[in-house]
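Observations on chain architecture
Below, each chain spelled out in residue letters.
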Amino acid sequence: MKEARLGEFEEIILLLVGILEEQAYSLRIAEEFESQTGKSVSIGATHSTLDRLSKKGFLTSEIGKPTALRGGRRKRIYTISASGQKALIASRELRTSLWSQYPALTKFTFQV
(Lines give C-alpha, C1' and ligand atoms only; values in the text may rest on other atoms or scores of the structure.)
Protein backbone atom coordinates (compact mmCIF):
# COMPACT_ATOMS: atom_id res chain seq x y z
CA MET A 1 0.00 0.00 0.00
CA LYS A 2 1.26 3.45 -0.87
CA GLU A 3 1.88 6.07 1.79
CA ALA A 4 -1.40 7.90 2.45
CA ARG A 5 -0.18 10.67 4.75
CA LEU A 6 1.05 14.02 3.59
CA GLY A 7 3.81 16.11 5.07
CA GLU A 8 3.06 19.82 5.44
CA PHE A 9 5.13 20.83 2.40
CA GLU A 10 3.61 18.01 0.33
CA GLU A 11 0.12 19.10 1.37
CA ILE A 12 0.77 22.69 0.31
CA ILE A 13 2.26 21.63 -3.03
CA LEU A 14 -0.69 19.31 -3.69
CA LEU A 15 -3.13 22.10 -2.84
CA LEU A 16 -1.28 24.48 -5.18
CA VAL A 17 -1.56 21.96 -8.01
CA GLY A 18 -5.32 21.99 -7.48
CA ILE A 19 -5.45 25.78 -7.30
CA LEU A 20 -3.33 26.32 -10.42
CA GLU A 21 -5.15 23.68 -12.52
CA GLU A 22 -3.83 23.85 -16.11
CA GLN A 23 -0.98 26.15 -14.98
CA ALA A 24 0.34 23.57 -12.49
CA TYR A 25 3.92 23.14 -13.73
CA SER A 26 6.97 23.17 -11.48
CA LEU A 27 8.16 26.76 -11.90
CA ARG A 28 4.65 28.19 -11.56
CA ILE A 29 4.02 26.01 -8.48
CA ALA A 30 7.25 27.29 -6.87
CA GLU A 31 6.27 30.90 -7.65
CA GLU A 32 2.80 30.39 -6.19
CA PHE A 33 4.28 28.76 -3.08
CA GLU A 34 6.41 31.84 -2.49
CA SER A 35 3.46 34.15 -3.18
CA GLN A 36 1.08 32.29 -0.85
CA THR A 37 3.49 31.57 2.02
CA GLY A 38 6.02 34.37 1.82
CA LYS A 39 8.77 31.73 1.97
CA SER A 40 11.26 30.94 -0.77
CA VAL A 41 11.52 27.44 -2.21
CA SER A 42 14.07 26.00 -4.60
CA ILE A 43 12.98 24.55 -7.90
CA GLY A 44 14.82 21.37 -6.88
CA ALA A 45 12.69 20.98 -3.75
CA THR A 46 9.59 21.58 -5.84
CA HIS A 47 10.65 18.98 -8.44
CA SER A 48 11.52 16.35 -5.85
CA THR A 49 8.22 16.87 -4.02
CA LEU A 50 6.23 16.64 -7.26
CA ASP A 51 8.11 13.44 -8.08
CA ARG A 52 7.45 12.00 -4.61
CA LEU A 53 3.74 12.86 -4.82
CA SER A 54 3.59 11.23 -8.25
CA LYS A 55 5.24 8.06 -6.91
CA LYS A 56 2.71 7.99 -4.06
CA GLY A 57 -0.03 8.10 -6.70
CA PHE A 58 -1.34 11.50 -5.62
CA LEU A 59 -0.46 13.26 -8.88
CA THR A 60 -0.54 12.49 -12.55
CA SER A 61 1.22 14.52 -15.19
CA GLU A 62 1.37 15.05 -18.90
CA ILE A 63 3.60 17.02 -21.20
CA GLY A 64 1.96 20.17 -22.51
CA LYS A 65 2.32 21.72 -25.92
CA PRO A 66 5.52 23.57 -26.82
CA THR A 67 5.35 27.34 -26.54
CA ALA A 68 7.32 30.04 -28.30
CA LEU A 69 7.78 31.78 -24.95
CA ARG A 70 9.81 28.79 -23.75
CA GLY A 71 11.78 28.44 -26.97
CA GLY A 72 9.68 25.50 -28.11
CA ARG A 73 10.14 23.58 -24.86
CA ARG A 74 7.20 21.83 -23.27
CA LYS A 75 5.96 21.96 -19.68
CA ARG A 76 5.00 18.99 -17.50
CA ILE A 77 1.53 19.79 -16.20
CA TYR A 78 0.43 18.12 -12.95
CA THR A 79 -3.08 17.07 -11.92
CA ILE A 80 -4.34 15.71 -8.61
CA SER A 81 -5.45 12.07 -8.85
CA ALA A 82 -8.44 10.58 -7.03
CA SER A 83 -6.12 9.20 -4.33
CA GLY A 84 -4.52 12.66 -4.04
CA GLN A 85 -7.98 14.15 -3.45
CA LYS A 86 -8.62 11.52 -0.76
CA ALA A 87 -5.28 12.27 0.89
CA LEU A 88 -6.09 16.00 0.99
CA ILE A 89 -9.52 15.34 2.49
CA ALA A 90 -8.04 13.02 5.13
CA SER A 91 -5.37 15.60 5.96
CA ARG A 92 -7.97 18.37 6.32
CA GLU A 93 -10.19 16.17 8.50
CA LEU A 94 -7.29 15.24 10.79
CA ARG A 95 -6.19 18.86 11.19
CA THR A 96 -9.76 20.06 11.78
CA SER A 97 -10.27 17.38 14.41
CA LEU A 98 -7.04 18.27 16.18
CA TRP A 99 -7.73 22.02 16.09
CA SER A 100 -11.21 21.47 17.53
CA GLN A 101 -9.71 19.53 20.45
CA TYR A 102 -7.17 22.21 21.36
CA PRO A 103 -8.63 23.56 24.65
CA ALA A 104 -6.97 26.97 24.55
CA LEU A 105 -8.60 27.75 21.22
CA THR A 106 -12.06 26.41 21.93
CA LYS A 107 -12.56 29.22 24.48
CA PHE A 108 -12.15 31.94 21.86
CA THR A 109 -14.09 32.97 18.82
CA PHE A 110 -11.99 34.38 16.03
CA GLN A 111 -13.29 36.80 13.47
CA VAL A 112 -11.69 36.95 10.08
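Scroll up a little and you will see the structure.
Core analysis: the biggest nonpolar cluster contains 19 residues, and L6, L14, V17, I29, L50, L53 and L59 have the highest contact counts within it. Elements with a minimum of two residues in this core: α1 (8-20), α2 (26-37), α3 (43-55), β2 (76-80) and α4 (82-101). Tallying contributions element by element places α1 first for this core, with 5 residues.

What follows is about the packing of aromatic side chains. Counted by the stated rule, this structure contains 2 aromatic pairs. Both rings, one in F9 and one in F33, keep their centres 5.2 Å apart while their planes meet at 75°; by these two values the pair is edge-to-face. Of the two residues, F9 is situated in helix α1 and F33 in helix α2; the sequence distance between them amounts to 24 residues. Between the aromatic rings of W99 and Y102, the centroid separation amounts to 6.4 Å while the plane-to-plane angle is 65°, which identifies the pairing as edge-to-face.

Each value, and the rule that gives it
Each chain has its residues counted from 1, following the order in which its sequence is written. Local features in a predicted model are, by the rule used here, given only for residues with pLDDT of at least 70; side-chain atom pairs are given and counted only at 80 or more, and totals for whole chains, interfaces and linings are based on all residues. Hydrogens and water molecules were not included; the side-chain quantities draw on all heavy atoms of the structure. The set of buried Ala, Val, Leu, Ile, Met, Phe, Trp, Tyr and Cys residues whose side-chain atoms join them within 4.5 Å is what this entry labels a nonpolar core. Note on classification: 1.4 Å probe, protein chains only; a residue is buried when its accessible area is under 20% of the maximum for its type, exposed when over 50%, partly exposed between these limits. Runs of E in the DSSP output that reach at least two residues are strands. Runs of H or I that reach at least four are helices, and both are numbered from the N terminus. Here the aromatic set is Phe, Tyr and Trp, taking the six-membered ring for Trp, and pairing holds for ring centres within 6.5 Å; pairs whose planes are under 30 degrees apart are stacked, those over 60 apart are edge-to-face, and all others are tilted.

By themselves these figures say nothing about function.
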